[in-house]
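Per-entry structural report
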Amino acid sequence: MRAAWKVFCLFAVVLVVSLGLAQLLVPDIVPVGFAEEPQPLWAVMTAFLLRAVELIAASVAMIALAVIAGVYLRHELRRLRRSSPSRAD
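Quick look at the structure, then. Residue positions are counted from 1 within each chain, in the order its sequence is given. Local features are withheld for residues below a pLDDT of 70 in this predicted model, meaning they are given only at 70 or higher, and side-chain atom pairs are given and counted only at 80 or more; totals for whole chains, interfaces and linings count all residues. Hydrogens and water molecules were not included; the side-chain quantities draw on all heavy atoms of the structure.

1. Regarding helix α2 (residues 41-83)
Selection criterion: Counting from the N terminus, the helices are the DSSP runs of H or I reaching at least four residues and the strands are the DSSP runs of E reaching at least two. Take the residue count of a helix, subtract one, and multiply by 1.5 Å to get its expected span. The buried label goes to any residue with under 20% of its type's maximum accessible area, the exposed label to any with over 50%, and the partly exposed label to all in between, with areas taken from a 1.4 Å probe on protein chains only.
Taking 1.5 Å per residue as the helical rise, α2 with its 43 residues ought to reach 63 Å, and the 63 Å between its terminal C-alpha atoms agrees with that figure. Within the sequence span of α2, burial applies to Ala43, Val44, Ala47, Leu50, Glu54, Ala57, Ala61, Ala64, Ile68 and Glu76.

2. Brief notes about helix α1 (residues 2-25)
Note on helix geometry: an α-helix contains 3.6 residues per turn, so any two residues three or four positions apart are oriented the same way. Our working definition: It only takes one pair of heavy atoms within 4.5 Å for two residues to be counted as in contact.
Given a rise of 1.5 Å per residue, 24 residues ought to cover 34 Å, and the 34 Å separating the end C-alpha atoms of α1 matches this to within 8%. In this fold, the buried residues of α1 make contact with α2.

3. Quick notes on the side chain of Glu54
Relative to the assigned elements, Glu54 resides in helix α2. Among the residues examined, Glu54 registers a relative accessible area of 11% and is labelled buried. Look past the residues within four positions of Glu54 in its chain and what remains in contact with it is Leu15, Ser18, Leu19 and Ala22.

Have a look at this one:
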């Protein structure tokens, strides 16, 4: 369980850092090749890379959070099942 929290926190930090870098380095650049105004190629490529990192980090963080929630619910259900009186009596 502790490992899942570490993965979640690590990728949440990666997500925040990549969002911050995108705002700092390429604030008004669209990460696709089509735009109304010509954009420098390095900026488009940087924005595309940072967007990819953002999406991957967000996906991994959400999967880790889902695993954490699943383990917690499973633990709670087992605890409730053990504490309830049996119907066999």
